[in-house]
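# Architecture and fold: a report
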Amino acid sequence: MTTASTDPINIGLVGLGTVGAGTVNVLRRNQVEISRRAGREIRIRSAAVRDLKVPRDCVVDDLTLTSNPFDVTDDPEISLVVELVGGCHIAKEVVLRSLQQGKHVVTANKALIALHGNDIFQAAHERGLMVAFEAAVAGGISIIKVIREGLSGNRIDRIVGIINGTSNYILTLMLEEQYSFESALQEAQRKGFAETDPSFDVDGIDAGHKLAILAAIGFGIPLQFDRVHVEGISNVTLDDIQYAAELGYRIKHLGIAQRTPAGAELRTHACLTPVNALLANVSGEMNAILIEGDAVGPTLHYGAGAGAEPTASSVVADIVDVVRALTTDPGNRVPHLAFQPSALTELPLVPILEVDSANYLRLQVIDQPGVLADITRILGEMEISIEAIVQKGASQDGEAVPVIITTHRTLEQQIVDASMRIEALETVVAPITRIRIYPDGA
Ligand code: HSE
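Residues numbered from 1 in each chain as written. Predicted model: local features only at pLDDT ≥ 70, side-chain atom pairs only at ≥ 80, totals over all residues. Heavy atoms only, no water.

### Quick notes on the overall build of the protein
Check the secondary structure of the protein and you find 14 helices and 17 strands. Computed over the C-alpha atoms, the radius of gyration of the protein is 24 Å, within 12% of the 22 Å expected from 2.2 N^0.38 for a compact globule of 442 residues. Overall, the C-alpha framework of the protein stretches about 80 × 45 × 35 Å when taken along its three principal axes. Across the 442 residues of the protein, 54% fall into the buried class. Across the protein, every contact between residues at least 6 apart in sequence was considered, and the portion connecting residues at least 24 apart equals 73%. The average position of the 36 basic charges and that of the 55 acidic charges among the side chains of the protein differ by 7 Å. (Helix = DSSP H or I, 4+ residues; strand = E, 2+ residues; numbered from the N terminus. Rg over C-alpha atoms; globule rule 2.2 N^0.38 Å. Buried < 20%, exposed > 50% of the residue type's maximum accessible area, 1.4 Å probe, protein only. Contact = heavy atoms within 4.5 Å. Lys, Arg positive; Asp, Glu negative; His and termini not counted. Charge placed at Lys NZ, Arg CZ, Asp CG, Glu CD.)

As structure tokens, then:
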């Protein structure tokens, strides 16, 4: 029997921004509780930062600060490197170098895991090292642990989540306070939820990275961000939010990974979600992820998806996990992607044009006789069944008015083709806004 050491363990941080400072603060504040859990004291020995002169949101007096990340990765006294720089370039070098130096890694970097995780895990596997990444998805929610460990008896059928706090915050402020998109985004940036490049949030890329990770560990497939269909919230207007509310829906940005008879669908986009659905009631920067397993049924996991200390909560939990597992046989650890590396399989991924969903359409049409007849004729010819149709307001002088149509489920290809035909009508004066409806009790 191997006896675990009770000597203090040294860790090093690379990056001391919002999450890095949060990690230092949580480790310091809860030091006693954390040591009781880990079985040994966890000491931060050093931290690498880009600019030594920048003030930090944590006490750094007793840390060695360096501007060279390799001072941390190559320090023989350090057993575990915590990568919190974000982005892929330096972060990938830091992680691979740490592994080459025989060090375990904890990272909060979803882009890095989604884009380079397959190589990183291979490198870690070859050396018997751990790369923990709980904080990469949904900040403080322990969703990786839930899927990898808590639900390991299930076949996971569906993962649907609000996994970008910034988008959820923006949509919430637009709904509840009639904020413009831009003001809501600024507010999210001020609060520290948004990515350095906020297009990652509002264009769905951040959610796409997280979805690729969730799908991999849920379905036992390799990470494949390039095959996630990614859309954001930039086409959603205040009017859409209002019209959706009148129809009994809230607009949410969802990440969806689900098995269908044709394979797996992996997509992120805005969705009209029924107001009484649990996910529709997740507001502000909060995240929530619904997971359906064949044995457990639906489960819902809710919490802060961003911010210094919620994210630090997951980073520290990973540090504790790694410290506890240091002396375990690498072959008996929880696999990085939940399934044994040799057991990962390819699952056919359903192209977006073959996805089947109900739709909300907002058209801008000239208010004159026969317009709706033309539109409904095209939908009928394309075998798209209308659920509801409403004209918003009336115009006396032939000006354009909004018309809202909701459809029953239809193949994406059909609604795309029908939209093109409708947009070609002279009476339709602007591109159609189309938002999918998520009807399945999410
Ligand atoms: N920008 C991300 C979000 C931060 O808004 O959810 C956490 O990944």
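### A closer look at the sheet that holds strand β3 (residues 64-66)
As summarised here, the arrangement of the six strands in space is β3-β2-β1-β4-β5-β6, forming an open sheet in which the pairing is parallel. At either margin of the open sheet sits one strand with a lone partner, and together these are β3 and β6 (131-132). Two strands pair when backbone bridges link them, and strand β1 (residues 9-14) and strand β2 (residues 42-48) are joined in this way by six bridges, in the parallel orientation. The residue bridging Leu-13 from the neighbouring strand is Ala-47, located in β2. (Pairing = 2+ DSSP bridges.)

### Details of the pairing of strand β15 (residues 400-407)
Taken across its eight residues, β15 has seven buried, putting it largely inside the fold. Taken together, the seven bridges between strand β13 (residues 356-366) and β15 define a ladder with antiparallel strand orientation. Bridge assignment links Arg-362 to a residue of β15, and that residue is Ile-404.

### Some details on the nonpolar core
Core analysis: the biggest nonpolar cluster contains 48 residues, and Leu-99, Ile-143 and Ile-213 have the highest contact counts within it. Mapped by element, the contributors of at least two residues to this core are α4 (89-100), α5 (110-127), α6 (143-150), β7 (156-162), α10 (205-219), β10 (263-274) and β11 (286-293). Of all the elements, α10 adds the most residues to this core, at nine residues. For Ile-143, the contacting residues outside a window of four places in its chain are Glu-134, Val-137, Leu-214, Ile-289, Ile-291 and His-301. Counting residues in each nonpolar core, the second largest holds 34 residues, with Val-82, Leu-84, Met-130 and Ala-135 among its members. (Core = buried A, V, L, I, M, F, W, Y, C linked by side-chain atoms within 4.5 Å.)

### What to know about the packing of α6 against α10
Interhelical geometry of α6 versus α10 gives an angle of 15 degrees and a closest axis separation of 9 Å. With respect to α10, the element α6 is oriented roughly parallel. As α6 runs across α10, the sense of the crossing is left-handed. Contacts between α6 and α10 involve Ile-143, Ile-144, Ile-147 and Arg-148 from the first element and Ile-213, Leu-214, Ile-217 and Gly-218 from the second. Split by residue class, the contact of α6 with α10 holds six nonpolar, one polar and one charged. (Axes fitted to C-alpha atoms, helices over the stretch in contact; angles between N-to-C directions. Parallel < 35°, antiparallel > 145°, perpendicular 65-115°, else oblique. Left-handed = near helix turned anticlockwise from the far one by under 90°. Nonpolar A, V, L, I, M, F, W, Y, C, P; charged D, E, K, R; others polar.)

### Observations regarding unusual backbone geometry
At Gln-178, a residue that is not glycine, the phi angle is positive and equals roughly 55 degrees. One non-glycine residue, Ala-338, lies in the positive phi region at around 75 degrees. If you trace the backbone, Ala-338 turns up in the loop between α12 (308-324) and β13.

### Some remarks on helix α7 (residues 165-177)
Compared with an ideal rise of 1.5 Å per residue, which puts 13 residues at 18 Å, α7 spans 17 Å between its outermost C-alpha atoms and is within 8% of the ideal. Of all 13 residues in α7, ten are buried; the element is thus mostly enclosed. Within α7, the full set of buried residues consists of Gly-165, Thr-166, Ser-167, Asn-168, Tyr-169, Ile-170, Leu-171, Thr-172, Leu-173 and Met-174. Lining the buried residues of α7 we find β7, α8 (181-190), α9 (199-202), α11 (238-246), β9 (249-260) and β11. Looking one or two residues beyond α7, the residue adopting positive phi is Gln-178, at roughly 55 degrees. (Expected span 1.5 Å × (residues − 1).)

### Quick word on the environment of Ile-162
Residue placement: Ile-162 occurs in strand β7. Judged by relative accessible area, which is 0%, Ile-162 ranks as buried. Measuring from C-alpha to C-alpha, the distance between Ile-162 and Leu-290 comes to 8.9 Å, with 128 residues separating the pair along the chain. Not counting residues up to four positions away in its chain, the partners in contact with Ile-162 are Asn-168, Lys-252, His-253, Leu-254, Leu-279, Val-282, Met-286, Asn-287 and Ala-288.

### Points about the site of the ligand
All residues in the neighbourhood of the ligand are listed as Lys-110, Asn-164, Gly-165, Thr-166, Phe-193, Ala-194, Glu-195, Asp-201, Asp-206, Lys-210, Gly-305 and Ala-306. Within the backbone of Gly-165, an N or O atom sits 2.7 Å from an oxygen atom of the ligand. The separation between an oxygen atom of the ligand and a polar side-chain atom of Lys-210 is 2.8 Å. Calculation on the ligand without its partners gives an accessible area of 250 Å², and the protein chains cover 92% of this total. Those elements that provide at least two residues to the shell around the ligand are α7 and α10. When the residues that make up the shell around the ligand are grouped by side-chain class, the tally is three nonpolar, four polar and five charged. (Near = heavy atom within 4 Å. Polar contact = N/O pair within 3.5 Å; in protein donor to acceptor, adjacent residues only side chain to side chain. Areas by Shrake-Rupley, 256 points an atom, 1.4 Å probe, with all protein chains shown as cover.)

### Points about the domain arrangement of the protein
Domain boundaries assigned for the protein yield domain 1 (9-139 + 309-341), domain 2 (143-304) and domain 3 (352-437). On a C-alpha basis, the centres of domain 2 and domain 3 stand 26 Å from each other. In this complex, domain 2 contributes 17 residues to the contact, which on the side of domain 3 involves 14 residues. In this assembly, domain 2 packs against domain 3 so that about 1400 Å² is buried in total across both faces, 62% of it on carbon and sulfur atoms. Together, Tyr-243, Leu-247 and Leu-272 form the three largest contributors to the area buried by domain 2 at its contact with domain 3, with a combined 35%. At the junction of domain 2 and domain 3, the tally comes to three salt bridges. The salt bridge partner of Arg-436 is Glu-231, with a shortest N-O separation of 2.9 Å. Residue assignment for the side of domain 2 that touches domain 3 shows that the elements contributing at least two residues are α11, β9 and β10. For the side of domain 2 that touches domain 3, the element with the most residues is β10, which contributes six residues. (Domains from an automatic or database assignment. Buried area = accessible area lost by both parts, 1.4 Å probe. Salt bridge = Lys/Arg side-chain N within 4 Å of Asp/Glu carboxyl O.)

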